[in-house]
Amino acid sequence: MDSDSELLHLIHRANQASEVLAATKGTERSRALQIMSEALSANQDDVLEANTLDLEASREMAVPDLILEWLKLTPERLQSVVRILQRLSELTDPTQQILTTPYQLEQSQTYCQLMPLGAIALIYESFPELGAIAAGLCLRTGNSLILKGGSEASHSNQAIATILQTAIEDAGLPAGCIELIPTDQGDPLRELVTQDAYVNLVIPYGRSSLVQQVIRQATVPVLKTAIGNCYLYWSSSSGLDTTRWMILDSYQSEPDPVNAIEKVLVCRNQDTQALQALWRTLREKGFHLRGDAELVTEFPELVLAEDEDWDRAYLDGTIAFKVVDGLDEAIAWMNRHSSGHADCLVSESYQESRRFATDINSATIYINTSPRFYRNPKRGSPISLGMSNQKGHRRGVITLETLTTLKYVVQGNGV
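For every chain, the first residue of the written sequence is number 1, and numbering continues from 1 onward in sequence order. Given that this is a predicted model, residues contribute local features only at a pLDDT of at least 70 and side-chain atom pairs are listed and counted only at 80 or more, while totals for whole chains, interfaces and linings are drawn from all residues. Hydrogens are left out, water is left out, and the side-chain values use all remaining heavy atoms of the structure.

## Quick notes on the pattern of salt bridges
Here, a salt bridge means any Lys or Arg side-chain nitrogen found within 4 Å of an Asp or Glu carboxyl oxygen. Taken as a whole and assessed by the stated rule, the structure comprises 13 salt bridges. The partner of Arg77 in a salt bridge is Glu129, with the nearest N and O atoms 2.7 Å apart. Taken as a pair, Arg77 in helix H5 (residues 75–90) and Glu129 in helix H6 (residues 128–140) lie far apart in primary sequence, 52 residues in all. Take Glu129: its relative accessible area is 6%, and that puts it in the buried class. With its nearest N and O atoms 2.6 Å apart, the salt bridge here joins Asp325 to Arg268. A residue pair is termed long-range when its members are at least 10 positions apart, and Asp325 in the loop between strand S11 (318–324) and helix H13 (327–337) and Arg268 in the loop between strand S8 (261–267) and helix H11 (272–284) qualify at 57 residues. Assessed through its relative accessible area of 54%, Asp325 is described here as exposed. Exposed residues in this analysis have more than 50% of their type's maximum accessible area, buried residues have under 20%, and partly exposed residues fall in between, with area computed by a 1.4 Å probe over protein chains only. Judged by its relative accessible area of 43%, Arg268 falls in the partly exposed class. Within the structure, one salt-bridge network assembled from shared partners comprises Arg268, Glu294 and Asp325. The way it works is that DSSP assigns letters per residue, a run of H or I at least four long becomes a helix, a run of E at least two long becomes a strand, and they are numbered from the N terminus.

## Structural notes on helix H3 (residues 44–60)
Along an α-helix, residues three or four apart share an orientation, since each turn contains 3.6 residues. To estimate the expected span of a helix, subtract one from its residue number and multiply by 1.5 Å. Across its 17 residues, H3 extends 25 Å between first and last C-alpha, which sits within 8% of the 24 Å expected from 1.5 Å per residue. Looking only at H3, the buried set comprises Gln44, Val47, Leu48, Ala50, Asn51, Asp54, Leu55 and Ser58. Axial view of H3: buried residues confined to an arc of 160 degrees, hence all on one face. Of the exposed residues in H3, the ones pointing more than 90 degrees away from its buried face are Asp45, Glu49 and Glu60. The arc in question is the one spanned by the directions pointing from the helix axis to the C-beta atoms.

## Side note on the sheet that holds strand S5 (residues 178–180)
Spatial ordering of the open sheet is given by S5-S4-S3-S6, a layout of 4 strands whose pairing is parallel. The sheet is open, and its two edges are formed by S5 and strand S6 (201–205), each paired on a single side. Between one strand and the next, the sheet's axes are offset by a mean angle of 20 degrees, whatever the strand orientation. Relative to S5, strand S4 (residues 144–149) runs parallel, the two sharing 3 bridges. Here the rule is simple: two strands pair whenever DSSP picks up at least two bridges between them. Note on geometry: axes are lines fitted to C-alpha atoms, helical ones only across the stretch in contact, with angles between N-to-C directions running from 0 to 180 degrees.

## Remarks on the environment of Arg354
With respect to the helices and strands, Arg354 occurs in helix H14 (residues 350–359). Here the alpha-carbon distance between Arg354 and Arg190, two residues 164 residues apart in the chain, equals 44 Å.

## A word on the pairing of strand S12 (residues 343–346)
Consecutive side chains of a regular strand alternate in pointing toward one face of the sheet and then the other. The side-chain alternation of S12 yields two buried faces, one formed by Asp343 and Leu345 and the other by Cys344 and Val346. The pairing of strand S7 (residues 230–234) with S12 spans 3 bridges and is classified as parallel. Counterpart to Leu232 in the pairing with S12 is Cys344. By the criterion used throughout, a crossover qualifies as right-handed when its path from the first strand across the helix to the second strand runs clockwise, the strands pointing away from the viewer. Viewed along the sheet, the connection from S12 through H14 into strand S13 (residues 365–367) turns out right-handed.

## Some points on the sheet that holds strand S9 (residues 288–291)
Sheet architecture is open: 7 strands sit in the order S10-S9-S11-S8-S7-S12-S13, paired in parallel fashion. Edge positions in the sheet fall to strand S10 (303–304) and S13, since each of these pairs with one other strand and no more. Bridging between S7 and S8 involves 5 bridges; their strand directions are parallel. By the bridge assignment for S8, Tyr231 is matched with Lys263. Residue contacts are defined here by distance: any two heavy atoms, one from each residue, within 4.5 Å place the two residues in contact. Relative to the sheet, H13 contacts S7, S8, S11 and S12, its axis offset from that of S7 by approximately 175 degrees.

Structure follows, in structure tokens:
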């Protein structure tokens, strides 16, 4: 078969596997997740060896440092994925949840049930362990998964996929539950994202250029993701310590600082000494600082931020500062320029906090707390794949429930 035929066969196989998964019991999928967790842990050295090949090839091809950082696996990163799969195996089946609904008919009872979406495609660059996390989330929710990784991670992605496919088969489930599109099939992106008869959702994950490319080409529903270009408004009512902590802690997500604060809007009457103290701390931590024209005029040591900087993510430890006249201007600026998935406020004013929470057009709002992103937070909080900034299918943190849909059941008494 030619490459197009092979791709279509792979997509059809994943679609058929999704039908099998939807009919399996939650206990069967829990067992499969447990086997996947154990297999990945037992074969960790094989994954790390494959990752070394990817890193060596990428360095020879002068792949950007940012992508190399996303690509590099460590035993700690892999063990984190093992723990996520283990935890997913212990969770109750989300597709058995029954929800109430305001939609009611006379002499009938109506309820909702969460259902699998079907076949989900993850298109991602670097982040080889993200394929395993997505596989765990999809299996837990009864969905099959098609992985389309970047060529820079081809060996790592293949090693992880092979381990998980073998584990799936050992658990008695079809191998098509997890499919990996080989990187030697040319550019199958357009073919994949237009298979709306067989693929139910596409999730692009990586730089904005990748996400926008998928959105332009897809006929399959797309769940947008976003990384970086999060804003913080530093009100004059708040001091330095909380602001400094929020910025620094937002960069502690590993391996990708999803909710990193890259733009800081400063109230015009903010204390200058506090601002300079913040800059000293950030420089000591290795950050690169930029400023708007007004700040650069007063503080020439800052690099001038270009007009397009305010709309894009840096993803390289750069933070830009801009002076605004107050909360109203800060809100208007964020709504126009931020990525819209996580924006922040530091303020001691209740009125400012309420205005910010109400008027900011972002998926998640953080007030006087760090926006740091956790894929596997403390027990009781959901496991997350990433953050979505769209207003479509689902918005905010991408969790198990994000990968489900609703089925309405209306039951009457026959009259």
